[in-house]
Amino acid sequence: MKKLTYWLVLVGLAFFLTACGKQAQIITLSGKTMGTTYHIKYLDNGIATEPDMAHQKIDELLKEVNHQMSTYQKDSELSLFNQSQEVDKPFVVSADFMTVVKAAIDLHQKTEGALDVTVGPLVNLWGFGPEKRTDKEPSAEEIAARKVWTGIDKLAATESEGKPALIKKIPELYVDLSSIAKGFGVDKVASYLDSIGVTNYLVEIGGEIHTKGVNEKGQPWQIAIEKPEFDGSRAVEQIVGLSNLSMATSGDYRNYFEENGKRFSHEIDPNTGYPLQHNLASITVIDPSCMIADGYATGLFVLGPEKALAVAERENLAIYLIIKTDKGFEVKMSQAFAKLMDTKKEGEK
């Protein structure tokens, strides 16, 4: 599913840190990837690779992820798989591609079918994918025809001569990993920073974030959850201190179209084929893995507030919900999220 890019404020960032009488520089890197932007900040401990070399390597890593999983790049692994009409025949893919697909299949089960990476034909039909943008509601017949092409049961992960491979059960099967690929990209960059000896950093791609260690003040990285505003303005709802954790947010208040006064969200319910109609404005998920947080954010958003909270309690997930009501917005959180906030407050005493 295509997910909107979320604005997450990075609070309290500066360019220098005073420690042991010396100034340790904060390195800031940024660029474009996956149809959005990325931003990285890390404390230079004098051990890591030179920033210019690190920047080049990160660009190369993200270019490879995009080449593997982009639905907009016609020669990407994912696009070639989607273009293939062969059924019941292994289609060899890269190890990273398979990692993401297997995670998506697992999260499909854990979210009771709400995260479905085969829902792409419906997302495209509604104008939120690579196909031409629409401002008109599809007919029931068009939706029913596309719905036949969807279903995680039509996708199989296997091996071919010792290499990871995927199998289509129908020729029309179309996989869209945009609900989880940015999170994987964040994890990939974080792993690289680990490998070159960086111990304190923040990585963000399109609003999906992973943190390690502390910021320049010696505190967990301060991240803001955006308050939903339908007029395009931006405000902070909640500040969260993160260290060695990832955060991903999904919502419906920026990417939509209207017809005859009716709002159609970019998030499609795979069970109905129609945009979501519940009152959940946004959901934020915190997890050690950004890929997992990213996938959960989409799947739980599809479920709506009540079911999302039930799954979160069952899976011990830290989630934060902003719910639309007649009187404004209401906030709810899982026990794991509340515990995380309590731990933060204790640390501030």
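Structural notes, computed from the coordinates. (Residues numbered from 1 in each chain as written. Predicted model: local features only at pLDDT ≥ 70, side-chain atom pairs only at ≥ 80, totals over all residues. Heavy atoms only, no water.)

## Description of the overall build of the protein chain
Within the protein chain one finds nine helices and 17 strands. Counting all 349 residues of the protein chain, 53% fall into the buried class. Taking the contacts inside the protein chain whose residues are at least 6 apart along the sequence as the reference set, 64% of them involve residues at least 24 apart. If you sum the accessible surface of the protein chain, you get close to 15,600 Å²; carbon and sulfur atoms cover 50% of it. (Helix = DSSP H or I, 4+ residues; strand = E, 2+ residues; numbered from the N terminus. Buried < 20%, exposed > 50% of the residue type's maximum accessible area, 1.4 Å probe, protein only. Contact = heavy atoms within 4.5 Å. Areas by Shrake-Rupley, 256 points an atom, 1.4 Å probe, with all protein chains shown as cover.)

## Remarks on helix α7 (residues 290-303)
An α-helix turns once every 3.6 residues. As a result, residues three or four positions apart point the same way. When the terminal C-alpha atoms of α7 are compared, their 20 Å separation across 14 residues agrees well with the 20 Å that a helix rising 1.5 Å per residue should span. With 14 of 14 residues buried, α7 is to be regarded as a mostly interior element. The N-capping residue of α7, defined by a side-chain oxygen 3.3 Å from the backbone nitrogen of Met-291, is Ser-289. The positive-phi residue at the C-terminal boundary of α7 is Gly-304, with phi of around 90°. (Expected span 1.5 Å × (residues − 1). Polar contact = N/O pair within 3.5 Å; in protein donor to acceptor, adjacent residues only side chain to side chain.)

## Quick look at the environment of Ile-319
Residue placement: Ile-319 occurs in strand β16 (residues 318-325). For Ile-319, a relative accessible area of 0% gives the class buried. Spatially, the C-alpha atom of Ile-319 lies 6.8 Å from that of Ile-283, the residues being 36 residues apart in sequence. Those residues in contact with Ile-319, other than ones at most four positions away along the chain, are Ile-283, Thr-284, Val-285, Leu-300, Ala-308, Leu-309, Ala-312, Lys-332, Met-333, Ser-334 and Phe-337.

## Points about the pattern of salt bridges
Counted by the stated rule, this structure contains eight salt bridges. For Lys-169, the salt bridge goes to Asp-88, with nearest N and O atoms at 3.9 Å. On the criterion of sequence distance, the pair formed by Lys-169 in the loop between β7 (163-168) and α6 (181-195) and Asp-88 in the loop between α2 (77-83) and β5 (91-92) is long-range, its members being 81 residues apart. With its nearest N and O atoms 3.1 Å apart, the salt bridge here joins Arg-314 to Glu-112. Pair noted here: Arg-314 is in helix α8 (residues 305-315) and Glu-112 is in the loop between α3 (95-110) and α4 (120-125), with a separation of 202 residues, a long-range link. Among the residues examined, Glu-112 registers a relative accessible area of 45% and is labelled partly exposed. (Salt bridge = Lys/Arg side-chain N within 4 Å of Asp/Glu carboxyl O.)

## Things to note about the nonpolar core
Leu-177, Ile-283, Leu-300 and Ile-319 are the most contacted members of the largest nonpolar core, which totals 47 residues. Mapped by element, the contributors of at least two residues to this core are α1 (51-69), α2, α3, α6, β15 (280-287), α7, α8 and β16. Among the elements that make up this core, the one with the highest residue count is α7 (nine residues). Ignoring any residue separated from it by four or fewer positions in sequence, one finds Ile-283 in contact with Ala-248, Thr-249, Ser-250, Ala-297, Leu-300, Phe-301, Ala-308, Ile-319, Tyr-320 and Leu-321. The next biggest cluster of nonpolar side chains, apart from the first, holds 20 residues, and it includes Tyr-38, Val-189, Val-203 and Ile-205. (Core = buried A, V, L, I, M, F, W, Y, C linked by side-chain atoms within 4.5 Å.)

## A few points about the environment of Ile-27
Residue placement: Ile-27 occurs in strand β3 (residues 22-33). Classification of Ile-27 as buried rests on a relative accessible area of 6%. Separated by 14 residues in sequence, Ile-27 and Lys-41 place their C-alpha atoms 5.5 Å apart. Those residues within four positions of Ile-27 in sequence are excluded, and the remaining contacts are Ile-40, Lys-41, Tyr-42, Asp-44 and Pro-51.

## Some points on the packing of α3 against α7
For the pair α3 and α7, the least separation of the axes is 10 Å and the interaxial angle reads 45°. Considering the angle they form, α3 stands oblique to α7. The way α3 lies across α7 gives a crossing that is right-handed. Facing α3, whose interface residues are Thr-99, Val-100, Ala-103, Leu-107 and Lys-110, α7 presents Met-291, Ile-292, Gly-295 and Tyr-296. (Axes fitted to C-alpha atoms, helices over the stretch in contact; angles between N-to-C directions. Parallel < 35°, antiparallel > 145°, perpendicular 65-115°, else oblique. Left-handed = near helix turned anticlockwise from the far one by under 90°.)

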